[in-house]
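Residue-level structure breakdown
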Amino acid sequence: MKIAIIGTGNLGSSIAKGLIKNKSFTSLYLSDRNTKAVKSFETEENVSVTSDNELAVENSDIVIFALQPKHIDGVLESVKAKITNNHIIMSVAAGVDTVRIENILGADKKIIRVMPNTAISIGKSMTCIAANAAGQDEVPLAQDIFNQLGTTMVIPEDLVQAATVICASGIAFWMRLVRATTQGAIQLGFEAEEAHELAVQTCFGSASLLIESGRHPEQEIDRVTTPSGCTIEGLNEMEHQGLSSALIQGVVASFEKINQLKKN
């Protein structure tokens, strides 16, 4: 596969790292106005770095637009003359629906909306995929690519905004929980590095338990809570302080914000 990534910020670079790690292409063009940040990729086999978006499009079959919403319209306008019906267009721009892209490139173009998270750089992304009518037949190809970089789920496009909050913003939410646990461990007497390791490995183990067992979180909670024990004492105090409510409210606030971005 000949792939181009237009926009090599945090997410674009993460996708590039994942593709390179899995050797998921025959050629890879990375295009950005500022190539300094991705110069290191030039040493990778079959990878080219450029600031010429049109060149990148011309030398690709799959074009991944990893741009901020405010930039995507202008970039699409600048390259649309180079995009043919053979191209598969993938966008990871938050809040940018396929209709908005169709309005610039045409509804006959194969457009797939992809929402990964930054864990894609280590092959652990949760990536959600939706497509316009013309791109439906290419969804399995998108899954083939992104399944090499984690796990994929095909969803209706009207759920992509919500998926962005849960999966992409969700990385930050979980990081904050790990950080808070680390701070608690430091307060209890552990050195910072020890506290961090304890928090990270426990978080990893918790997720792994759910994935491998298929059990509901409450079932796993019941396995470690004993009557009048320290675990239930801690859980109840967290709930008294609004842990679950705060998390839910944060998710909803993030969803409301992304819908505002879509309107702008």
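Just so you know, the residues in each chain are numbered from 1, in the order the chain's sequence is written. Confidence filtering applies because this is a predicted model: local features only for residues at pLDDT of at least 70, side-chain atom pairs given and counted only at 80 or more, and all residues used for totals across whole chains, interfaces and linings. Only hydrogens and water are set aside when side-chain values are computed; all heavy atoms of the structure are taken into account.

**Some points on the side chain of S254**
Within the secondary structure, S254 sits in helix 10 (residues 243–263). Throughout this description, buried means an accessible area under 20% of the type-specific maximum (1.4 Å probe, protein chains only), exposed means over 50%, and partly exposed covers the range between. Looking at S254, the relative accessible area reads 18%, which means it is buried. Secondary structure follows DSSP: runs of H or I at least 4 residues long count as helices, runs of E at least 2 residues long count as strands, and numbering of each begins at the N terminus.

**Considerations on the UniProt feature "domain: Pyrroline-5-carboxylate reductase dimerisation" (unreviewed entry) in the protein chain**
UniProt positions are given in the numbering used here, feature names are shortened, and annotations may be inferred rather than shown by experiment. Using the residue numbers shown here, the UniProt feature "domain: Pyrroline-5-carboxylate reductase dimerisation" (unreviewed entry) corresponds to residues 157–260. For residues 157–260, the helix share is 84%, the strand share is 0%, and the end-to-end C-alpha distance is 17 Å.

**Here's the deal with the sheet that holds strand 8 (residues 150–154)**
For two strands to be treated as a pair, DSSP must find at least two bridges joining them. Taken in spatial order, the 8 strands line up as 3-2-1-4-5-6-7-8 in an open sheet, and their pairing is mixed. With partners counted over all chains shown, the strands left at the sheet margins are strand 3 (47–50) and strand 8, one partner each. Mean inter-strand twist for the sheet, computed between neighbouring axes without regard to direction, equals 20°. For strand 6 (residues 110–115) and strand 7 (residues 125–131), the ladder comprises 4 bridges, and the chain directions are antiparallel. When the bridges of strand 7 are listed, I112 appears paired with A131. Sheet strands in contact with helix 4 (residues 98–105) are strand 5 (88–91) and strand 6, and its direction is about 145° off that of strand 6. Against the sheet, helix 6 (residues 160–187) engages strand 6 and strand 7, with an angle of about 35° to strand 6. Helix axes use the C-alpha atoms of the stretch in contact, all axes being lines fitted to C-alpha atoms, and the angles between their N-to-C directions lie in the range 0 to 180 degrees. Contact definition: two residues touch when any of their heavy atoms are within 4.5 Å.

**Things to note about the packing of helix 6 against helix 7 (residues 192–213)**
The description of two helices packed together rests on the angle between their axes and the distance between the axes. Look at helix 6 against helix 7: their axes get within 8 Å of each other, and the N-to-C directions meet at 135°. Judged by the inter-axis angle, helix 6 sits oblique to helix 7. Crossing angle aside, the handedness with which helix 6 passes helix 7 is right-handed. Of the residues in helix 7, those touching helix 6 at V178, T181, T182, A185 and I186 are A192, A195, H196, A199, V200 and C203. Any angle that falls under 35 degrees is termed roughly parallel, while one over 145 is termed roughly antiparallel, one within 65 to 115 roughly perpendicular, and all others oblique. A clockwise turn of the near helix away from the far one marks a right-handed crossing, whereas an anticlockwise turn of less than a right angle marks a left-handed crossing.

**Looking at the layout of surface pockets**
Of the voids in this model, the second largest pocket is the one considered here, and its volume is about 790 Å³. Here a cavity denotes a set of grid points, spaced 1 Å apart and computed over the protein atoms alone, in which a 1.4 Å probe fits but from which it cannot get out, and a pocket denotes an open set meeting protein on both sides within 12 Å along at least five of seven lines; residues with an atom within 4 Å of a point are reported as lining. Considering the residues around the second largest pocket, the lining is formed by 32 residues, among which L11, A66, L67, Q68 and P69 are closest to the centre. Broken down by secondary-structure element, the contributors of at least two residues to the lining of the second largest pocket are helix 1 (10–22), helix 3 (69–79), helix 6 and helix 10. No other element matches helix 6, which puts 4 residues into the lining of the second largest pocket. Taken together, the residues of the lining of the second largest pocket break down into 15 nonpolar, 15 polar and 2 charged. Grid points are joined across faces, edges and corners, and a volume is the space filled by probe spheres set on the points. When residues are grouped by polarity, Ala, Val, Leu, Ile, Met, Phe, Trp, Tyr, Cys and Pro land in nonpolar, Asp, Glu, Lys and Arg in charged, and all others, Gly among them, in polar.

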